[in-house]
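Summary of structural features
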Amino acid sequence: MTVLELDKVSIRFGGLVAVSQVSFNIHAGEILALIGPNGAGKTTIFNLIMGLYKLTDGKILFKNINISSRKPHQIAALGIGRTFQTIHLFNQLTVFDNVLIGAHTQGGRNMTGALLKWLPAIAKEEKDLHELAFRCLQMVGLEKKRDALAKNLPYGEQRRLEIARALALKPSLLLLDEPAAGMNPQETKELMELIHVIRNSGITILLVEHDMKFVMKISDRIVVLDYGAKIAEGVPEEIRTSPLVIQAYLGKVGAR
Amino acid sequence: MGNFLQNVVNQIDPYVMQILVNIGIGIILALGLNVITGLAGQLSLGHAAFMSIGAFTGAILTIKLGMPFGVNLLCSGFMAALFSVLIGFPTLRLSGDYLAIATLGFAEILKVVFLNLDITNRALGLSVPPPYSSIPLPVYVLISVVLAVTALALMQESRFGRALKAIREDEIAAEAMGVNATRYKIQAFAIGSFYAGVGGCLYAHFIAYINPSDFGFLKSIDILNMVVLGGLGSIPGVILGASLLTTAPEFLGFMKQYRMLVYGIILIILMLFRPNGLLGGVSFKEMVLKIFRKRTQPSRA
Ligand SMILES: Nc1ncnc2c1ncn2[C@@H]1O[C@H](COP(=O)(O)OP(=O)(O)OP(=O)(O)O)[C@@H](O)[C@H]1O
Ligand SMILES: [Mg+2]
């Protein structure tokens, strides 16, 4: 089953074609990696999926719903969670509040009930949201830090907090933008385990990552971008040996 | 009941009562701005304009319709909220400080409109008769303050309040969590302006005479000062800020003309030493809990 379908997706920023005619599908339950040299357009594709940028051309379907012209909050509410390449936490709020806000879309549904039941309904909902947020914190191992301010966490924990916050949205698709960036080898290993746990809980994952060992080990399939265009797609073994991919990476290194 | 309350009110020295009522109105106005600026992180520079909408609406409803004061307060609040939605709808859809510019312009335009309308008695201003109610005005002020504080305390800890804080902290991340930033910003602006409208209506009936020029830019800055001085987003802070700045002119006496200068200096000192305000980061809930804990377990200390 296809969870997300990109169909000839393009975006121009002025004269720069940042993403050009990119098509690929993400299947339910897989871990798909999106790789490519710096500036290839990976983050831009995330922002296109989330509705942060408007497509110049093409369309994006999530569970067969065309989300191309929807707003970011609507797309998130459909069940796409994300983390950011540059950390976007709610800095002055506690770790727990950060995750509670992640659970935002899980609330507000039974509010339309009878007015008489209003207050108890809110109390019940708050309890549910707190439980959900706590479970998400446990999943990334941050439950002991629940009362710390997000800005005071070390870098690696901030990245995990972003994941917990995205999980609280109960997404069916999770977008991770360079989740291992700035992590030490031990943290990276734990992250890999965490991503497997998340996938095994039924969440499909699209991730961008520069750490090739990490990518080759964790992904089921890989899509390679270069200068905004897709140059390869396949299982890790195919990508590792693809001359086009090697050239894209070596070419860049050689040029520097 | 009304007689009894009137007797109670009469027991208090009129000068003290005047200060208390002014503080109460200041608290309501500042709490309103705190929802907009402290919680949702949107800068409104025209809070006094929404106060003036409430003041004139309230005055006119009393003069023309003899409306019962409780209902009048609600109508005045809703009128201010209605206008805030009209201003907020086009400007709050954008992220950035468009609201500051729009509210600034709106306040100036509104002043000119009030100065030219017959119903607001043009530049002469309106004399406001006493409110239609057997309950004395200070009691209305007290009840309004209690309701305003309670509502805000509940709001801050709710899903709604968290969404506002999320928008203040990082709008892009908030949207990525499914928070409809535009909707929540407009709602926060409307709630804050509702507070301003209620404050304005109380003010009009208390002071008994209103003029469009009472609600200018300096008044908006006054209210903003209350919020910033005490601590953006902190209810005890806002109450302290409103109390200090309302009473300050009484104490400053001869320095009255230099009020703005003194505030300016105080704010600069504050920015340097307590950038989050006097009580920044202090939460109402924690304060109440702390007092409660001390009362219940005195032996522990
Ligand atoms: N909002 C924007 N306005 C103009 N140009 C942009 C914008 N966003 C991205 N770009 C450009 O689009 C291209 C792709 O950028 P993108 O951030 O998607 O790269 P990336 O593959 O994520 O790179 P990295 O690995 O360095 O994160 C770059 O040339 C970038 O400068
Ligand atoms: Mg990137």
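Residues numbered from 1 in each chain as written. Chains lettered and ligands numbered in written order. Predicted model: local features only at pLDDT ≥ 70, side-chain atom pairs only at ≥ 80, totals over all residues. Heavy atoms only, no water.

1. Considerations on the overall build of chain A
- Helices and strands together make up the secondary structure of chain A, namely nine helices and ten strands.
- On C-alpha atoms alone, chain A measures out to a radius of gyration of 19 Å, which is about the 18 Å that the 2.2 N^0.38 rule sets for 256 residues.
- When the backbone C-alpha atoms are referred to their principal axes, chain A occupies close to 65 × 40 × 35 Å.
- Every one of the 256 residues in chain A was classed for burial, and the buried ones make up 52%.
- The contacts of chain A with a sequence gap of at least 6 include a subset with a gap of at least 24, amounting to 66%.
- Averaging the coordinates of the 31 positive side-chain charges in chain A and doing the same for the 25 negative ones gives two points 3 Å apart. (Helix = DSSP H or I, 4+ residues; strand = E, 2+ residues; numbered from the N terminus. Rg over C-alpha atoms; globule rule 2.2 N^0.38 Å. Buried < 20%, exposed > 50% of the residue type's maximum accessible area, 1.4 Å probe, protein only. Contact = heavy atoms within 4.5 Å. Lys, Arg positive; Asp, Glu negative; His and termini not counted. Charge placed at Lys NZ, Arg CZ, Asp CG, Glu CD.)

2. Focus: the coordination of the magnesium ion (ligand 2)
Residue and element names in this part refer to chain A.
- Donor atoms from the polypeptide that bind the magnesium ion (ligand 2) are Thr 43 (OG1) and Gln 85 (OE1), placed at 1.9 to 2.1 Å. Of the two residues, Thr 43 sits in helix α1 (residues 42–49) while Gln 85 sits in the loop between β6 (80–82) and α3 (95–102), which places them 42 residues apart along the sequence.
- On the basis of relative accessible area, Thr 43 is assigned to the partly exposed category, the value being 24%.
- Taking relative accessible area as the criterion, Gln 85 reaches 32% and is therefore assigned partly exposed. (Donors = N, O, S within 2.8 Å, 3.2 Å for Na, K, Ca; no water.)

3. Quick word on the interface of chain A and chain B
- Of the residues lining the interface, 28 residues belong to chain A; the matching set on chain B comes to 20 residues.
- Taken together, both faces of the contact between chain A and chain B bury some 1900 Å²; the carbon and sulfur share is 64%.
- Its largest share of buried area at the contact with chain B, chain A owes to A:His73, A:Phe90 and A:His104, together 34% of the area lost on that side.
- Counting across the chain A and chain B interface gives one salt bridge.
- Here A:Glu126 makes a salt bridge to B:Arg162, at a shortest N to O gap of 3.0 Å.
- Put simply, chain A and chain B have nine residue pairs in polar contact (both at pLDDT 80 or more) between them.
- Of all the secondary-structure elements, those providing two or more residues to the side of chain A that touches chain B are α2 (72–79), β6, α3 and α4 (118–140) of chain A.
- Here the residues of the side of chain A that touches chain B are counted per class, giving 13 nonpolar, ten polar and five charged. (Buried area = accessible area lost by both parts, 1.4 Å probe. Salt bridge = Lys/Arg side-chain N within 4 Å of Asp/Glu carboxyl O. Polar contact = N/O pair within 3.5 Å; in protein donor to acceptor, adjacent residues only side chain to side chain. Nonpolar A, V, L, I, M, F, W, Y, C, P; charged D, E, K, R; others polar.)

4. Considerations on the pairing of strand β8 (residues 204–208) of chain A
Residue and element names in this part refer to chain A.
- The buried count for β8 comes to five of five residues, which makes it a mostly enclosed element.
- Inspection of the sheet shows strand β3 (residues 31–35) paired to β8 by four bridges, in the parallel sense. Within β8, the residue paired with Leu 34 across the bridge is Val 208.
- Note: strand β7 (residues 173–177) against β8, five bridges, orientation parallel. Paired with Leu 173 across the bridge in β8 is Thr 204. (Pairing = 2+ DSSP bridges.)

5. Focus on a nonpolar patch on the surface
- Among the surface-exposed residues, B:Tyr258, B:Leu261, B:Ile265, B:Ile268, B:Ile269, B:Leu272 and B:Phe273 lie close enough to one another that they form a single nonpolar patch of about 800 Å² accessible area.
- Mapping B:Phe273 onto the fold places it in helix α12 (residues 259–273). (Patch = residues over 30% accessible without salt bridge, like charges linked within 9 Å, V, L, I, M, F, W, Y side chains within 5 Å. Areas by Shrake-Rupley, 256 points an atom, 1.4 Å probe, with all protein chains shown as cover.)

6. Examining the site of ligand 1
Residues and elements named next belong to chain A.
- Neighbouring ligand 1 are 14 residues; Lys 42, Thr 43, Thr 44, Gln 85 and His 210 lie closest to it.
- The contact in question runs from an oxygen atom of ligand 1 to an N or O atom on the backbone of Gly 39, over 2.9 Å.
- Take His 210: an N or O atom from its side chain is 2.8 Å from an oxygen atom of ligand 1.
- In isolation ligand 1 has 630 Å² of accessible area, and contact with the protein removes 65% of it.
- When residues of the shell around ligand 1 are traced back to their parent elements, those giving at least two are β2 (16–27) and α1. (Near = heavy atom within 4 Å.)

7. Comments concerning the sheet that holds strand β4 (residues 57–62) of chain A
Residue and element names in this part refer to chain A.
- Pairing in this open sheet of four strands is antiparallel, and the strands run β2-β1-β4-β5 from one edge to the other. Taken across any chain shown, the strands that pair with only one partner, and hence form the sheet edges, are β2 and β5 (65–66).
- Pairing of strand β1 (residues 2–13) with β4, which is carried by five bridges, proceeds in the antiparallel orientation. The residue bridging Leu 6 from the neighbouring strand is Ile 60, located in β4.
- Lying on the sheet, α1 is in contact with β1, β2 and β4; it crosses β1 at an angle near 115 degrees. (Axes fitted to C-alpha atoms, helices over the stretch in contact; angles between N-to-C directions.)

8. A closer look at the domain arrangement of chain A
Residue and element names in this part refer to chain A.
- Considered domain by domain, chain A is made up of domain 1 (1–79 + 172–256) and domain 2 (86–170).
- Computed from C-alpha atoms alone, the centre-to-centre distance between domain 1 and domain 2 is 26 Å.
- Each partner contributes residues to the interface: domain 1 has 19 residues there, and domain 2 has twelve residues.
- Overall, the association of domain 1 and domain 2 removes approximately 1100 Å² of surface from exposure, summing both partners, and the carbon and sulfur fraction of that is 76%.
- When the area that domain 1 buries against domain 2 is broken down by residue, the three leading residues are Leu 174, Met 183 and Leu 194, summing to 31%.
- At the junction of domain 1 and domain 2, the tally comes to one residue pair in polar contact (both at pLDDT 80 or more).
- If you list the elements that add at least two residues to the side of domain 1 that touches domain 2, you get α2, β7 and α6 (185–200).
- The element that contributes the greatest number of residues to the side of domain 1 that touches domain 2 is α6, accounting for five residues.
- Of the residues contributing to the side of domain 1 that touches domain 2, the split by class is twelve nonpolar, four polar and three charged. (Domains from an automatic or database assignment.)

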